[in-house]
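So the chains spell out like this:
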Amino acid sequence: MADELFRLRVAFHKDGRLAYLGHLEVINTIERSIRRAGLPFSVGNGFAKRMRVQFSQALPVGAFSTGEYFDLTLTEELDTAEALARLKAASPTALGPERCAYVPRKLAALEAWLDRSDWQIELRGEGFDAARLEEGIACVKRAGKIDFMRGEKQRSIETETTLVSWETHDEPWGVSLGLKTHSSNLGALRPAVLLDAAFATEPLAGAMRASQRVCRCGQWHEENGGLMEPFDLSFSWSLTA
Amino acid sequence: MRLARQDRYAELEPLLASVEHPARYLNHEWGAVEEQDGPFHVCLIYADTYEVGQANLGLAILYDELNAAEGISCERCYLPWIDLSALMREKQVPLLSLESSSPVASFDVVGFTLAHEMIATNIIETLDLAGIPVRADERDEDDAIIFAGGPSAWNCEPLCAMFDAVLLGDGEGEIVDASHVVRDGRAAGKSRAQILLDLSRVQGVYVPSLYDLVVDESSTRWGYAVPKPGTDAPEVVYKRCIPDLSVTDPIPQKMVPYMGIVQDRLAIEILRGCARGCRFCQAGMTYRPVRERPIEQVVDAAEQGLETTGYDEVSLSSLSTTDHSQCALILRQLDERLEGKGVRVSIPSQRLDSFGVDMAAAVSGSRRGGLTFAPEAGTQRLRDVINKNVCSEDLENAARNAFELGWRRMKLYFMMGLPTETDDDVLAITAAARRVLEIGREVVGRGYKSGVSVSVSCSVFVPKCYTPFQWCGQLPIEEVRRRQDLMIRANRDRDIHISYHDAQVSVVEAALSKMGRAGFDLVYGAWKRGCRFDAWTDQFDYEHWLEAGRAMGIDLEELAAEPYDLDARLPWEHTSPGVSKDFLKREWHRAADGVTTDDCTRTSCTGCGVCPTLGVNNNLVGDRCGR
């Protein structure tokens, strides 16, 4: 009989200087933190013998987050408080774990399951306010899709389903923008892509952004119009890949 | 002018959003020394990008040594990529250290690693970006004292105009001693000139400003250096040498980078030095004698280092890892201790025999990527000339053994332009690849599905100082190209892939290897024309180097191809790794006669002069059997 395995879900944040880490760098750093913590992680049977760990959707380089997640497969059901304490002691503060709990092993892959994100963006600059930004984003939404370049490649993302809602507020230092996005296997809308498109619209003509601070505030699973929190243990967990 | 020591990260941070790989500039890695209270501050610089420099084991050793020393703090700095350096110049942000984000120009001592010749323009770029005068003789009294050292320090003359002191040999101990001299000198209110004089009294430290350049009939056109009258500087500065590797920290690499670096794994140095005596190899001469780390120390360090860093791979590093007398036992013990932890063990090079293949099999588990061997030359005649003590049978046996153990891809390293090379030797490179491929097909089978292939990588020979070939000229570039073409055209098999190094880079490398102090004008001229990151293929601009040479009346290609008289005084003879000139001459004559020389760790002393000169000996932990 195969040994029993356990799926530990860990919430962590990404802030400070480490906001500038790319997704692969975050993955490498956390895998090394897990090894340093001495957690009894499971190793895959594949060619490369890799640690069994999966991450929520990639966060853009430079973006902060208060709601990131990874699922780690363990070979022992370690007490969650102890697992968290060991992880905290072995992790860089700016990528610190905050909470952990066991979830059913058969659950769908984390990256696909967490398909809703909330973002908080602070924009500083000249020539725009909350109303004009609101209007610019509405123009992008109406256009139905955004064509953009990633590196040297032309990409496109539709806005009908990926851009769920947004709200803007004037602040003493500039404009704050709250965004809700939805991802699917067709793609995920990055705030920077949306803002680049919005600032190219007529309502924001002549506006200049001096800086933008992007923070992902949380991730959820969307099901039948409702949102499920990643640690929501009241959920039946019947959704499998 | 010395800048104030203060955290200036706030000036750098806004620039990070618009550059490639901002993780290069973040600091705060796991294991980095955050407390930088000093009061004496040293900054060690590898003048290339973070991902290249952070992997350097030598720098990690020195970083640890300095931070462990009472009253000394040590930080790191790497050269920003061209996107960030352009922004920093535009916004007038000086080069900053990583740990405290203080200006490099605020440090007491700044140390550079001379990793290879092609880092030369990057050192100028680094000093310029830091706002430190590039030439040592233009620095103010309170400017940082600039150290340099590392594997390419043996002919540091073309760069020594930039350095206040060059540290030769093993850095352990030496860099702390030299830093103490600067600290104590500053505390006592000594002048910069007096501090440099004091530095010249530290064993292994060469102070270029205390030497005059003499060009006469006994020298090459680059002259030689003699101590200035009244300085009492040594006529020859010999390297510092640690007699016993076991007294050094086996895990100097405590820092875990966020971004992928060139060797992204834990490295344990299991031995230092190599006595095989390959006549083209500078490291084989300059790192002598051979010192092995005890087996228990290696195994314990690997296990402990993996636990504290979280790496999933450990590399047993050295110039020739499978030469360690206890290599098989080390790998067996590591295998037992690390079983089930998802950890890989790697060794950087394979010996060209069945033992080498067995060791590769021991570390690779069920994985069978490519396997690399370095016959270096195609014919037995030429392998004897270069003292590469392997024969065709070794290569064939190793290849057969590897194919039988499951490998399908073989990579072979060769050099082109070795002394006495003929067209037959060049054609033999392709023939050797064909023979290995044929063995693979015999063992595995023919046809596409067998997956058998051979890659040949052929570099261009660069004559290096302190090797028996130091007097040689480099093969002229047109001839290199003709022979490369000959080699390529001799190959008609699609399963043999041949690649070769850029001959133009090798010309610059050879020029910098052969020149004396006047070489600095060449380097500076190239930098002024825009050269930096010359080791990066997409950044290297040969035309700028040629122009810089022409501006000083030098044809770079002629210079690289120029042989030196065997009796001439050479530009680098006053900075010595201990190997005697007589030994190198003897080896040169034996090369010309095609006579090989044994490895002194397996037979008896071959008279290189290192042990009696430095007062050390080979220090092995067991018997080395076989060749």
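A quick note: this is a predicted structure, and the numbers were derived from the prediction, not measured. (Residues numbered from 1 in each chain as written. Chains lettered and ligands numbered in written order. Predicted model: local features only at pLDDT ≥ 70, side-chain atom pairs only at ≥ 80, totals over all residues.)

### Describing the overall build of chain A
Applicable threshold: Secondary structure follows DSSP: runs of H or I at least 4 residues long count as helices, runs of E at least 2 residues long count as strands, and numbering of each begins at the N terminus. Counting other C-beta atoms within 10 Å of a residue's C-beta gives its exposure: the residue is buried at 20 or more, exposed at 12 or fewer, and partly exposed in between, where C-beta atoms are placed from the backbone.
Helix and strand counts for chain A stand at five helices and eleven strands. With the C-alpha coordinates aligned to their principal axes, the bounding extent of chain A is approximately 65 × 35 × 35 Å. Taking all 241 residues of chain A together, 35% fall into the buried category.

### Looking at the overall build of chain B
Put simply, the rule is: For the radius of gyration, the atoms used are the C-alpha atoms, and the globule rule reads 2.2 Å times the number of residues raised to 0.38.
Tallying secondary structure elements over chain B gives 21 helices and 19 strands in all. Relative to the globule expectation of 25 Å for 627 residues, the C-alpha radius of gyration of chain B, 24 Å, shows essentially globular dimensions. Counting all 627 residues of chain B, 52% fall into the buried class.

### Quick look at the sheet that holds strand β18 (residues 496-500) of chain B
Residues and elements named next belong to chain B. Rules: Strand pairing is assigned whenever DSSP detects at least two bridges linking the two strands. Working convention: axes come from line fits to C-alpha atoms, limited for helices to the stretch in contact. Angles between N-to-C directions cover 0 to 180 degrees. A residue pair is marked as a contact if its C-beta atoms, positioned from the backbone, fall within 7 Å.
As summarised here, the arrangement of the four strands in space is β15-β16-β17-β18, forming an open sheet in which the pairing is parallel. Each end of this open sheet is capped by a strand with a single partner; those strands are β15 (370-376) and β18. Strand-to-strand twist across the sheet, computed as the mean angle between neighbouring axes with direction ignored, equals 20°. In this structure, strand β16 (residues 409-416) lies alongside strand β17 (residues 453-460), joined through eight bridges in parallel fashion. Residue pairing across strands places Tyr413 opposite Ser457, the latter belonging to β17. The strands touched by helix α14 (residues 423-444) are β15, β16, β17 and β18; relative to β16, the strand with the most contacts, the crossing angle is about 170°.

### A word on the sheet that holds strand β10 (residues 266-269) of chain B
All names here are of chain B. Spatially, β10-β13-β14 is the arrangement adopted by the three strands of the open sheet, whose pairing is parallel. If you trace the sheet from one side to the other, it starts and ends with β10 and β14 (344-346), each paired once. If you compare each strand with its neighbour and ignore which way they point, the axes differ by 20° on average. Sheet topology places strand β13 (residues 313-317) next to β14; three bridges connect them, and they run parallel. Residue pairing for β14: Val314 is matched across the bridge by Val345.

### With respect to the confidence of the model for chain B
To be explicit about the condition: For every residue, the predictor assigns a confidence score, pLDDT, that lies between 0 and 100.
Overall, the predicted model of chain B reaches an average pLDDT of 94, with 99% of residues at or above 70. Here the predicted complex scores 0.93 on pTM and 0.87 on ipTM.

### Remarks on the domain arrangement of chain A
Our working definition: The start and end points of each domain follow an automatic or database-based domain assignment. Three classes are used, and their members are as follows: Ala, Val, Leu, Ile, Met, Phe, Trp, Tyr, Cys and Pro are nonpolar, Asp, Glu, Lys and Arg are charged, and the others, Gly among them, are polar.
Domain parsing of chain A yields domain 1 (6-112) and domain 2 (116-223). Each residue belonging to the side of domain 1 of chain A that touches domain 2 of chain A can be placed in one class, and the counts come to five nonpolar, six polar and no charged.

### Observations regarding the environment of Ile268 of chain B
All names here are of chain B. With respect to the helices and strands, Ile268 occurs in strand β10. Accessibility expressed as a C-beta count within 10 Å gives 26 for Ile268, which makes it buried. Placed 18 residues apart in sequence, Ile268 and Pro250 show a C-alpha to C-alpha distance of 6.3 Å. Apart from the residues lying within four places of it in its own chain, the contact partners of Ile268 are Pro250, Ile251, Val298, Ala301, Ala302, Gly305, Val314, Leu316 and Ser317.

### Observations regarding the pairing of β16 of chain B
Residues and elements named next belong to chain B. Going by this rule: Look down the strands so they point away from you; if the path from the first strand over the helix to the second goes clockwise, the crossover is right-handed.
Sheet topology note: the β15/β16 ladder contains five bridges and is parallel. Its bridge partner being in β16, Glu376 is matched across the sheet by Phe414. Taken together, β16, α14 and β17 form a β-α-β motif whose crossover is right-handed.

### A word on the domain arrangement of chain B
All names here are of chain B. Domain boundaries in chain B define domain 1 (9-238) and domain 2 (265-349 + 597-627). Between the C-alpha centres of domain 1 and domain 2 the distance comes to 29 Å. Taken residue by residue, the interface counts five residues in domain 1 and nine residues in domain 2. Grouping the amino acids of the side of domain 1 that touches domain 2 by side-chain chemistry returns four nonpolar, one polar and no charged.

### Examining the packing of helix α3 (residues 57-68) of chain B against helix α6 (residues 174-187) of chain B
Residues and elements named next belong to chain B. Here is the rule we go by: Roughly parallel means an angle under 35 degrees; roughly antiparallel means over 145; roughly perpendicular covers 65 to 115; every other angle is labelled oblique. Here is the rule for handedness: rotate from the far helix to the near one, and if that takes an anticlockwise turn smaller than a right angle the crossing is left-handed, while a clockwise turn gives right-handed.
One can describe the packing of α3 onto α6 by two numbers: an axis separation of 9 Å at closest approach and a directional angle of 50°. By the angle class used here, α3 and α6 are oblique. Viewed along their axes, α3 and α6 form a crossing whose handedness is right-handed. Along the contact surface, α3 presents Leu62, Glu65 and Leu66, while α6 presents Ile175, Val176 and Ser179. Considered class by class, the residues forming the contact of α3 with α6 number four nonpolar, one polar and one charged.

### Comments concerning the packing of helix α9 (residues 295-309) of chain B against helix α10 (residues 327-338) of chain B
All names here are of chain B. Where α9 meets α10, the axes come as close as 10 Å, and the angle between the chain directions of the two elements is 35°. As for how α9 packs across α10, the hand of that crossing is right-handed. Contacts from Ile295, Val298, Val299, Ala302 and Glu303 in α9 reach Leu329, Ile330, Gln333, Leu334 and Arg337 in α10.

### A few points about helix α13 (residues 392-404) of chain B
Using the following cut-off: Expected helix span is taken as 1.5 Å per residue step, with the number of steps being one fewer than the number of residues.
Helix length check: α13 of chain B (13 residues) gives 18 Å between terminal C-alpha atoms against 18 Å at 1.5 Å per residue, within 8%. Those residues of α13 of chain B lying buried are Asp394, Leu395, Ala398, Ala399, Asn401, Ala402 and Phe403 of chain B.

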